[in-house]
Amino acid sequence: MEKRSATRRRFLAETASLAIGARGAAACLTGAETPPASDGTARRTPAFHSRHIPEPWLNFETPTARTVKRNGLCHTLDRDTLRRLKDHGVELIETRLTWWELEATRSRFDWSRVEQAFDRIEQAGLKVGLMCWLQHPPAWCDPDHTAHARYRCLEHDQDSTILSLWDPATLKVYDRLLQAVSERLGDRLSFVYANASGDYGEVCYPSGVKHYRFSPKHGHGGFWSGDRCARASYRAALEKRYGTIADLNTAWETRFEDFGDDLMPRLPLPSNSLTCRRDYMTWYTESLLSFTDQVCRVYRNHFPDTSMSLPIGFPNERLQVGQIKSRAVKIAAKYGITVRWTGCGFLRSFPASNVLARRVASAAHFYGTNFGTEAALVLEKENAVNALYE
């Protein structure tokens, strides 16, 4: 039994630096230097982060919200919990902030909850991290969506409440709010997450999250390019590529009369020609990645010296998500940012987890940045081994 335990400890020690990269293991995003290895190269030890989700944010009519609370994420800031986390090697607590909460009243910022959270974390001798979900606007912000575009799904032609990445006003919102955050909280932050888009501020499009009070009433996995700004962007991309509507029709096997026609693909997506699908998905993914690059630049402008992570999200790369993991890693490396992806412990399959983890790990090693994983929401007997491996 003792031999088996020693083997397991050795496995975990090795995977902390090998399987999850130069600086990470499950839920760890940074690393501290340790004495050099026998060959003289520098080594890193994993740096573990935990997180807190404010209970007032949750919609307890949904099973996910109840799971979040059952997993203890609403009680992370309890004094005894913080003490035990520190004893177990956690060094930083990830806190959350949304535009929905921060500026619930126009032009009036309410910092009270997040500053109380910072106080508790610092008093426990832990570091503070911050994740800003600025893509979720407060109720007063353009409720008719006429001044500021929201994502709009192609399937039902209905709006989300999440800000559209194709609207130039979105980056202006991020810039204004991040300036306020940096001025008010910057000197207390040891870590910042560069949140891009989608429900969770990751490198993705909306996916149908329901368990927050600010979650869109209309939400699901699908294609979210129906808003006016998205349509204008797609039209411009196609005009640049083809020049004439006749050339587009030849390539797509269609009969459009003008670039002003509705050029978005029919659903389901396979009902369109292969060339149409290729053009759409190229534009769809490039739009998200370009926006992510701009978001990282804005974050770096406001937090030039703060350790930072880009949450990629999603274990896989489904078309609807819109991401290319290796490209997201490349963007993060450009700005000296660690990458964090959503772990796949819940897959309960070591081969599947290994392949998907390497999609991020290999790119991170190639582009010269660090990486880690988001902790599993719930650890159970069936997924614990996978989660520990990640």
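Below you will find a few notes about this structure.

So, how was this worked out
- Residues numbered from 1 in each chain as written.
- Predicted model: local features only at pLDDT ≥ 70, side-chain atom pairs only at ≥ 80, totals over all residues.
- Heavy atoms only, no water.
- Helix = DSSP H or I, 4+ residues; strand = E, 2+ residues; numbered from the N terminus.
- Buried < 20%, exposed > 50% of the residue type's maximum accessible area, 1.4 Å probe, protein only.
- Areas by Shrake-Rupley, 256 points an atom, 1.4 Å probe, with all protein chains shown as cover.
- Salt bridge = Lys/Arg side-chain N within 4 Å of Asp/Glu carboxyl O.
- Polar contact = N/O pair within 3.5 Å; in protein donor to acceptor, adjacent residues only side chain to side chain.
- Contact = heavy atoms within 4.5 Å.
- Expected span 1.5 Å × (residues − 1).
- Bend = angle between axes of the 7 residues up to and from the residue.
- Pairing = 2+ DSSP bridges.
- Right-handed = clockwise from strand over helix to strand, strands pointing away.
- Phe/Tyr/Trp six-rings, centres within 6.5 Å; stacked < 30°, edge-to-face > 60°.
- Lys NZ or Arg CZ within 6 Å of the ring centre and 35° of its normal.
- Axes fitted to C-alpha atoms, helices over the stretch in contact; angles between N-to-C directions.
- Parallel < 35°, antiparallel > 145°, perpendicular 65-115°, else oblique.
- Left-handed = near helix turned anticlockwise from the far one by under 90°.
- Nonpolar A, V, L, I, M, F, W, Y, C, P; charged D, E, K, R; others polar.

### Structural notes on the overall build of the protein chain
The helix and strand tally for the protein chain stands at twelve helices and ten strands. Out of the 390 residues in the protein chain, the part that is buried amounts to 53%. Here the protein chain displays about 18300 Å² of accessible surface, and carbon together with sulfur accounts for 51% of that area.

### A short note on unusual backbone geometry
Most peptide bonds take the trans form, and the phi angle of most residues other than glycine is negative. Cis geometry marks the peptide bond from L267 to P268, where omega comes out at 0°. Within the element layout of this structure, P268 appears in the loop between α8 (245-252) and α9 (274-302). The residue D142 is not glycine, and still its phi comes out positive at about 45°. With relative accessibility at 15%, the residue D142 sits in the buried group. Here the phi dihedral of F314 falls at roughly 65°; this positive angle occurs in a residue that is not glycine.

### Points about the pattern of salt bridges
All chains considered together, the criterion is met by 22 salt bridges. Ionic contacts of the salt-bridge type, sharing partners, join the residues R51, E94, R96, R340 and E374 into one network.

### Topic: the side chain of R96
As for its placement among the helices and strands, R96 is situated in strand β3 (residues 90-98). Only 2.7 Å separates the side chain of R96 from the side chain of E94, close enough to count as a polar contact. Among residues more than four places away in sequence, those in contact with R96 are R51, H52, I53, P54, W57, R113, V114, L130, M131, W133 and Y212.

### Some thoughts on the environment of L163
Among the structural elements, L163 can be located in strand β6 (residues 159-163). In this structure, the C-alpha to C-alpha distance between L163 and V173, residues ten residues apart in sequence, is 9.6 Å. Sequence-distant contacts of L163, defined by excluding residues within four places in its chain, comprise W99, L134, Q135, P137, H148, A149, R150, Y151, T170 and V173.

### Re helix α11 (residues 350-367)
Note that an α-helix has 3.6 residues per turn; residues three or four places apart therefore point the same way. With 18 residues, α11 extends 25 Å between its outermost C-alpha atoms, agreeing within 8% with the 26 Å of an ideal straight helix rising 1.5 Å per residue. Along its length, α11 reaches its greatest deviation from straightness, about 30°, at R358. Here α11 has its buried residues at S353, L356, A357, V360, A361, A363 and A364. Looking one or two places after α11, you find G368, whose phi comes out positive at around 80°.

### Points about the pairing of strand β8 (residues 307-311)
Where burial is concerned, most of β8 is hidden: four out of the five residues are buried. Bridging between strand β7 (residues 191-193) and β8 involves three bridges; their strand directions are parallel. When the sheet's bridge partners are listed, F191 is paired in β8 with S307. Two elements, β8 and strand β9 (residues 338-342), share three bridges in a ladder whose sense is parallel. Counted as the bridge partner of S309 is T338 from β9. Read from β8 through helix α10 (residues 325-334) to β9, the crossover connection turns out right-handed.

### What about the packing of aromatic side chains?
Within this structure, the stated rule accounts for 27 aromatic pairs. Note on W100 and F214: the rings are 5.1 Å apart at their centroids and 55° apart in plane angle, and the pair reads as tilted. Taken together, the residues span a long stretch of sequence, with W100 in helix α4 (residues 99-102) and F214 in the loop between β7 and α7 (228-242) at a distance of 114 residues. Ring centres of Y280 and W283 lie 5.8 Å apart, and the angle between their planes is 45°; on these two criteria the pair is classed as tilted. On the criterion of helical spacing, the pair formed by Y280 and W283 is a turn pair, its members being three residues apart in helix α9. In this pair, the class of Y280 matches that of W283, namely buried. Members of the aromatic cluster, joined through ring pairs, are Y151, W166, Y205, F223, Y234, Y280, W283 and Y284. For K69, the ring lying beneath its charged end belongs to F60, and the centroid distance is 5.6 Å.

### Focus on the packing of α9 against α10
Interaxial distance between α9 and α10 falls to 10 Å at its minimum, and their mutual angle equals 20°. With respect to α10, the element α9 is oriented roughly parallel. Between α9 and α10 the crossing geometry is right-handed. For the pair formed by α9 and α10, the contact residues are E286, L289, T292, D293 and C296 on the first element and R327, A328, I331 and K334 on the second. Looking at the contact of α9 with α10, its residues break down into four nonpolar, one polar and four charged.

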